[in-house]
Amino acid sequence: MMIVKKTSLSHVVKNILFSRNEPVSLVHFITNRCNARCSFCFIDFDNKNTFKGELSLDEIDKMTKTLGKSLLNVNITGGEPFARKDIIDIAKKYIDNTTIQSIYITTNGSLPDRAENFAKEVTNYNKDIELTFQISIDDFPKEHDTVRKIKGLFENCIKTFWRLKKIRNTSPVVSITVTHENCDKIKEIFYYLHNDCKIDAIKCTVVRDEGVYKTPEEKRNKIIKAYDWLTNEIEKLSKKNILLNYNSNSLQGRLHRKKDFISWKLIKKMYLKPHYISMCFAGRLFGVIAANGDIFPCEILEDKKLGNLRDKDMDFHQLWNSKENSDTRSFIKKSKCNCTYECALSYNILGNYRYQLGLLKSAFNLD
């Protein structure tokens, strides 16, 4: 049975459950450049080195040929990924050179023309690729523009959503990041987006301590309370098919939905009192490619850099199977490393036996 033309289900399942030596998903920061300046962003925009050394298209072409035969998804992000005018070519390199079946784009929604053109070009280039756009909206129009420091941003986010909605194999979703700035009005923001703006695909994430951002301690209880209400509401409306966050016709869509429900529960258990629940497979099934070619097991372990692609002639495989990564995998296991980073949690859930029955039921519409 084939997942995509370049790999088989048996190979991917063996990797996920047993060998765990190839990434199933990667986050690729193709740029740190961004036209927004969100107060809760982890990127250090005051550091001049932040914007130096972006991988070129030729380097990305070379790197994507070394990613193995289990890669199902790439999250192209930034910064603002549409700040790179060659983003379509980057996506095509992943399509041509890897086994991906989906591309996830995280965007602030400020550039609707570029987002729409990207979706049309990519879906025309490969009709089997599923595109998901996560468009960030965190507040009411005026406040959203103020927090992210772009005039007219909220309006462009809504434009981006509805333009993408018309393109086949393309699923735009509005993502609300629950922060210290919006946690007191999260219900009102959600209902405004859903009822007034008629947005029918809404997800959420909780702000995390990373890079230069630190959550105000006095706000943590309010943040998780707001996140708890929001995830419960989204799950309820998703089960009723009022919110259309997932492609229920695809195996990956059904797994994604169940994975999110499990992930939200785990985050709520760990947010105020971080503790180990299940094995983390960062550095095994999941990894991060920084804009300058640095490779990390995840975004949280900033002190566990595996190396830089340029030092290995753009060979990702060498870094993934290096002594540095072997040591990192041992550290993660022995220290019972844990966090609330949603991207890493996704593949911890996928690779852990305790969640397999629930995932299988969802895969075959039995839950």
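Notes on the structure follow. If you're wondering where the values come from, they're calculated on a predicted model, not measured in any experiment. (Residues numbered from 1 in each chain as written. Predicted model: local features only at pLDDT ≥ 70, side-chain atom pairs only at ≥ 80, totals over all residues. Heavy atoms only, no water.)

### Observations concerning the overall build of the protein chain
1) Next: Along its length, the protein chain carries 13 helices and 11 strands.
2) Next: Here the C-alpha radius of gyration of the protein chain, 19 Å, is about what a compact globule of 367 residues would show, namely 21 Å.
3) Next: Principal-axis analysis of the C-alpha atoms gives the protein chain an extent of 50 × 40 × 40 Å.
4) Next: Within the protein chain, the fraction of its 367 residues that count as buried is 57%.
5) Next: Of all intrachain contacts in the protein chain linking residues separated by at least 6 positions in sequence, the fraction that spans at least 24 positions is 77%. (Helix = DSSP H or I, 4+ residues; strand = E, 2+ residues; numbered from the N terminus. Rg over C-alpha atoms; globule rule 2.2 N^0.38 Å. Buried < 20%, exposed > 50% of the residue type's maximum accessible area, 1.4 Å probe, protein only. Contact = heavy atoms within 4.5 Å.)

### Details of the sheet that holds strand 5 (residues 102–107)
Pairing between the strands of a sheet comes from backbone hydrogen bonds, and it takes one of two forms, parallel or antiparallel.
1) Next: Strand order in the open sheet made by the nine strands is 8-7-6-5-4-3-9-10-11, with mixed pairing throughout. The sheet is open, and its two edges are formed by strand 8 (202–206) and strand 11 (307–308), each paired on a single side.
2) Next: Direction of pairing for strand 4 (residues 73–77) relative to strand 5: parallel, over a ladder of four bridges. Each residue of the ladder has a partner; that of N75, found in strand 5, is Y104. (Pairing = 2+ DSSP bridges.)

### Notes on the nonpolar core
1) Next: Formed by 111 residues in total, the largest nonpolar core has its most connected members in Y94, I103, F118 and F133.
2) Next: For F118, the contacting residues outside a window of four places in its chain are F82, I87, I88, A91, I105, L131 and F133. (Core = buried A, V, L, I, M, F, W, Y, C linked by side-chain atoms within 4.5 Å.)

### Side note on the side chain of D145
1) Next: Structurally, D145 is set in helix 5 (residues 141–148).
2) Next: Buried within the structure, D145 lacks any salt-bridge partner; R148 is the closest side chain of opposite charge, at an N-O distance of 8.2 Å.
3) Next: Polar contacts involving the side chain of D145 include one to the main-chain amide nitrogen of F154, which spans 2.8 Å. (Lys, Arg positive; Asp, Glu negative; His and termini not counted. Salt bridge = Lys/Arg side-chain N within 4 Å of Asp/Glu carboxyl O. Polar contact = N/O pair within 3.5 Å; in protein donor to acceptor, adjacent residues only side chain to side chain.)

### Some points on the packing of helix 9 (residues 251–270) against helix 13 (residues 356–363)
1) Next: Two elements in contact, helix 9 and helix 13, have axes separated by 8 Å at closest approach and are oriented at 135°. With respect to each other, helix 9 and helix 13 are oriented oblique. The two elements helix 9 and helix 13 meet at a crossing, and its hand is right-handed. Together, L251, R254, L255, K258 and K259 of helix 9 and G358, L359, S362 and A363 of helix 13 make up the contact between the two elements.
2) Next: Residues of the contact of helix 9 with helix 13, tallied by class, amount to four nonpolar, two polar and three charged. (Axes fitted to C-alpha atoms, helices over the stretch in contact; angles between N-to-C directions. Parallel < 35°, antiparallel > 145°, perpendicular 65-115°, else oblique. Left-handed = near helix turned anticlockwise from the far one by under 90°. Nonpolar A, V, L, I, M, F, W, Y, C, P; charged D, E, K, R; others polar.)

### Looking at helix 2 (residues 57–64)
1) Next: Listing the buried residues of helix 2 in full gives E59, I60, D61, M63 and T64.
2) Next: Those residues of helix 2 that are buried lie in contact with strand 3 (25–29), helix 3 (87–97), strand 9 (286–289) and helix 10 (316–320).

### Observations regarding the state of the cysteines
Two cysteines joined by a covalent bond between their sulfur atoms form a disulfide.
1) Next: Inspection of every chain in the model, using the stated rule, returns zero disulfides.
2) Next: Looking at C183, it has no disulfide partner, and the nearest cysteine sulfur is the one in C204, 13 Å off.
3) Next: This cysteine, C280, is not joined by any disulfide, and C337 carries the nearest cysteine sulfur, 5.9 Å off.
4) Next: Exposure remark for C280: the relative accessible area of 8% places this residue in the buried category. (Disulfide = S-S within 2.5 Å.)

### Overview of the pattern of salt bridges
1) Next: Taken as a whole and judged by the stated rule, the model has 26 salt bridges.
2) Next: Ionic pairing is found between R84 and D86, a salt bridge with its closest N-O pair at 2.9 Å. The exposure classification of R84 matches that of D86, with both residues buried.
3) Next: In the salt-bridge network here, residues are joined through shared partners; they are R33, E54, R84 and D86.

### A word on unusual backbone geometry
1) Next: In this structure, K336 is a non-glycine residue whose phi angle is positive, near 50°.
2) Next: By the secondary structure assignment, K336 is in the loop between helix 11 (323–334) and helix 12 (342–351).
3) Next: For K336, a relative accessible area of 47% gives the class partly exposed.
4) Next: Here N365, not a glycine, exhibits a phi torsion of approximately 55°, which is positive.
5) Next: With respect to the secondary-structure elements, N365 resides in the segment after helix 13.

### Re the packing of aromatic side chains
Aromatic ring pairs are reported here in terms of the distance separating the ring centres and the angle at which the planes meet.
1) Next: Counting across every chain of the model gives 13 aromatic pairs.
2) Next: For the ring pair F286 and Y347, a centre distance of 6.2 Å and an interplane angle of 5° mean the geometry is stacked. Residue F286 is located in strand 9, and its partner Y347 is located in helix 12; the two are separated by 61 residues in the primary sequence.
3) Next: You can call F286 buried: its relative accessible area is 1%.
4) Next: When the ring of F316 is compared with that of W320, the centres are 5.1 Å apart and the planes differ by 25°; the resulting orientation is stacked. (Phe/Tyr/Trp six-rings, centres within 6.5 Å; stacked < 30°, edge-to-face > 60°.)

These results come straight from atomic positions and should not be treated as a statement about function.
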